[in-house]
Amino acid sequence: ASELFLNDRANTSKSSNPYDDLPVPRKKMKTGSSSQVEQEKKSTLQSTSSKNTLEISRYEINSIRCLHIVLKHAFSRNPTSWRNPHERITRSLDDAVKQLSTIRARIIAAPSFTRPYTFEDAAKTYSDCKSAAKGGDLGVFCRGKMNKTFEDAAFKLEINEVSDIVRTSNGVHIILRIA
């Protein structure tokens, strides 16, 4: 059977959209009955701009950007805080979970458009990770770079969504995905 490459760039005139000149993902597909073509079309996202209609394949997200707050407890892998590295943290796991639940509730109660700012302020005030100085910003990371439990929770989040409490060997976390 012959092969067909889908690349819908019908209108090549200049537009004000700076992304129009980027290459369009091409999807290789075997030609066949019209029902096969229709099934392929259903598995793509339609993105419509004022001048072009593009079919974009679904891609798995490879990297994300998150903020986090971690509260360490007496049984954390390294029970010290960047705020006072010579003092051992003695709070119990239950106390850390209760405190983080209260912090999370305040963040969730904030209007969604202010959530990142509220989260950053809380991280600067409460987090035991040195990323607190940057509002809990971990930067962009891809799979395989973080603790597996933390990573799984972070990659499940939608943008601007706050995680439930995540327990790792480092402590208890809440995560806000920002990109």
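Look up a bit, the structure's there.
About the thresholds
- Residues numbered from 1 in each chain as written.
- Predicted model: local features only at pLDDT ≥ 70, side-chain atom pairs only at ≥ 80, totals over all residues.
- Heavy atoms only, no water.
- Helix = DSSP H or I, 4+ residues; strand = E, 2+ residues; numbered from the N terminus.
- Buried < 20%, exposed > 50% of the residue type's maximum accessible area, 1.4 Å probe, protein only.
- Contact = heavy atoms within 4.5 Å.
- Areas by Shrake-Rupley, 256 points an atom, 1.4 Å probe, with all protein chains shown as cover.
- Phe/Tyr/Trp six-rings, centres within 6.5 Å; stacked < 30°, edge-to-face > 60°.
- Lys NZ or Arg CZ within 6 Å of the ring centre and 35° of its normal.
- Pairing = 2+ DSSP bridges.
- Axes fitted to C-alpha atoms, helices over the stretch in contact; angles between N-to-C directions.
- Polar contact = N/O pair within 3.5 Å; in protein donor to acceptor, adjacent residues only side chain to side chain.
- Salt bridge = Lys/Arg side-chain N within 4 Å of Asp/Glu carboxyl O.

Undergrad: I keep staring at the overall build of the chain and nothing clicks. Help me out?
TA: Secondary structure summary: the chain contains 4 helices and 10 strands in total. Starting at the N terminus, the α and β elements of the chain follow one another as β-β-α-β-β-β-β-β-α-α-β-α-β-β. Evaluated residue by residue, the chain yields a buried proportion of 32% over its 179 residues. In the chain, once contacts between residues fewer than 6 apart in sequence are set aside, the share between residues at least 24 apart is 57%. Of the accessible surface of the chain, which amounts to about 11,400 Å², a share of 52% is contributed by carbon and sulfur atoms.

Undergrad: Just to check I follow, could you spell out the packing of aromatic side chains for this structure?
TA: Within a pair of aromatic rings, the relevant descriptors are the distance that separates the centres and the angle that separates the planes. In the structure shown here, the tally under the stated rule is 2 aromatic pairs. Between Phe141 and Phe150, the ring centres sit 6.5 Å apart and the planes meet at 45°, which makes this aromatic pair tilted. The pair Phe141 / Phe150 is uniform in exposure class, with both members buried. Ring centres of Phe141 and Phe155 lie 6.1 Å apart, and the angle between their planes is 80°; on these two criteria the pair is classed as edge-to-face. Remark: Phe155 occurs in helix α4 (residues 148–156) and Phe141 occurs in strand β8 (residues 137–142); sequence separation between them is 14 residues. Pair check on accessibility: Phe141 and Phe155 agree, each one buried. An aromatic cluster is present here, built from Phe141, Phe150 and Phe155 joined pairwise through their rings. For the cation-ring pair, Arg143 lies above Phe155, with the distance from its terminal atom to the ring centre recorded as 4.0 Å.

Undergrad: Quick question: what am I supposed to make of the sheet that holds β8 here?
TA: Within a sheet, adjacent strands bond to each other through the backbone by hydrogen bonds, running parallel or antiparallel. Pairing is antiparallel across the open sheet formed by 4 strands, whose spatial order is β8-β5-β10-β9. The open sheet has two edge strands, β8 and β9 (166–168), and neither has a second partner. Strand-to-strand twist across the sheet, computed as the mean angle between neighbouring axes with direction ignored, equals 45°. Pairing between strand β5 (residues 63–71) and strand β10 (residues 171–177): 6 bridges, direction antiparallel. When the bridges of β10 are listed, Leu71 appears paired with Val172.

Undergrad: Just to check I follow, could you spell out the side chain of Asp137 for this structure?
TA: Positionally, Asp137 belongs in strand β8. Within the structure, Asp137 has its side chain in polar contact with the backbone nitrogen of Gly139 (distance 2.7 Å). Ignoring sequence-local partners within four residues, the contact set of Asp137 consists of Arg65, Cys66, Leu67 and Ser131.

Undergrad: Whenever I open this one, unusual backbone geometry confuses me. Can you help?
TA: Leaving glycine out, the prevailing phi sign among residues is negative, and the prevailing peptide bond configuration is trans. Of note, the phi angle at Asn160 is positive, near 75°, even though the residue is not glycine. You can see Asn160 is positioned in the loop between α4 and β9. Overall, Asn160 belongs to the partly exposed group, its relative accessible area being 23%.

Undergrad: Is there a simple way to explain the pattern of salt bridges in this structure?
TA: Scanning all chains against the criterion turns up 5 salt bridges. Arg65 is the partner of Asp137 in a salt bridge, and the nearest nitrogen-oxygen pair spans 2.3 Å. Note that Asp137 is positioned in strand β8 and Arg65 in strand β5, a separation of 72 residues in sequence. Residue classification places Arg65 among the partly exposed positions, given a relative accessible area of 33%. A salt bridge links Arg91 to Asp128, with the shortest nitrogen-to-oxygen separation between them at 3.0 Å. A residue pair is termed long-range when its members are at least 10 positions apart, and Arg91 in the loop between β7 (84–88) and α2 (93–109) and Asp128 in the loop between α3 (115–126) and β8 qualify at 37 residues.

None of the figures reported here should be taken as evidence of function without further support.
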